[in-house]
Amino acid sequence: RISGDTEDDADGSLPPISVVVCTRDRPRSLRRCLESLTRLDPAAGEVIVVDNASRTDETRAVVAETSFRYVRE
């Protein structure tokens, strides 16, 4: 943990975090990764999956099974 002069440090809590997962044509690995991210404690504030032009629609389908956000690059 990095300490700084923020209000969050005053009460010992941390601000929500964003997790960005970059991927291309690896739907099985992505599924495992996203399943792991659902078990974070505390949970991530948001998870964004950036699909770097996968050749199929499998990546989009994997993300659609979650509450995470999908962005195609």
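Participant: How should the overall build of the chain be read in this particular structure?
Facilitator: Each helix and strand in the chain was counted, giving three helices and three strands. In sequence order, the chain lays out its α and β elements as α-β-α-β-α-β. Residues classed as buried in the chain amount to 27% of the 73 residues present. Look at the contacts in the chain between residues 6 or more apart in sequence, and 51% of them connect residues 24 or more apart.

Participant: How should I be thinking about the pairing of strand β2 (residues 46-51) in this particular structure?
Facilitator: Judged by how many residues are buried, β2 sits mostly within the fold: five of six residues are covered. Relative to β2, strand β1 (residues 18-23) runs parallel, the two being bridged by six bridges. Looking at the pairing, valine 20 lines up with isoleucine 48 of β2. One crossover worth recording links β1 to the parallel β2 by way of helix α2 (residues 27-37), and it is right-handed. Bridge analysis of β2 against strand β3 (residues 69-72) gives four bridges, and the strand direction is parallel. Its bridge partner lying in β3, aspartate 51 is registered against arginine 72.

Participant: I tried to follow the pattern of salt bridges on my own but got confused; where do I start?
Facilitator: Note that side chains of opposite charge can pair when their charged atoms are close. Enumeration according to the criterion identifies six salt bridges in this entry. In this structure, the salt-bridge partner of arginine 24 is aspartate 25, at a minimum N-O distance of 3.8 Å. A residue is classified by how much of its surface remains accessible, and aspartate 25, at 22% relative accessible area, is partly exposed. As a salt-bridge pair, glutamate 65 and arginine 31 come within 2.9 Å of each other at their nearest N and O atoms. Note that glutamate 65 is positioned in the loop between α3 (58-64) and β3 and arginine 31 in helix α2, a separation of 34 residues in sequence. In this structure glutamate 65 comes out as exposed when scored by relative accessible area, which is 56%. The exposure class assigned to arginine 31 is partly exposed, which follows from its relative accessible area of 31%.

Participant: Explain α2 here, please?
Facilitator: What sets the pattern is the α-helix's 3.6 residues per turn: residues three or four places apart point alike. Among the residues of α2, Pro27, Leu30, Leu34 and Leu37 are the ones counted as buried. Along the axis of α2, the buried positions cluster into a sector of 75 degrees, meaning they face one direction only. Relative to its buried face, α2 has exposed residues pointing more than 90 degrees away, namely Arg28 and Arg32. If you follow the buried residues of α2, they end up packed against β1, β2 and α3.

The rules behind each value
- Residues numbered from 1 in each chain as written.
- Predicted model: local features only at pLDDT ≥ 70, side-chain atom pairs only at ≥ 80, totals over all residues.
- Heavy atoms only, no water.
- Helix = DSSP H or I, 4+ residues; strand = E, 2+ residues; numbered from the N terminus.
- Buried < 20%, exposed > 50% of the residue type's maximum accessible area, 1.4 Å probe, protein only.
- Contact = heavy atoms within 4.5 Å.
- Pairing = 2+ DSSP bridges.
- Right-handed = clockwise from strand over helix to strand, strands pointing away.
- Salt bridge = Lys/Arg side-chain N within 4 Å of Asp/Glu carboxyl O.
- Arc of directions from axis to C-beta.

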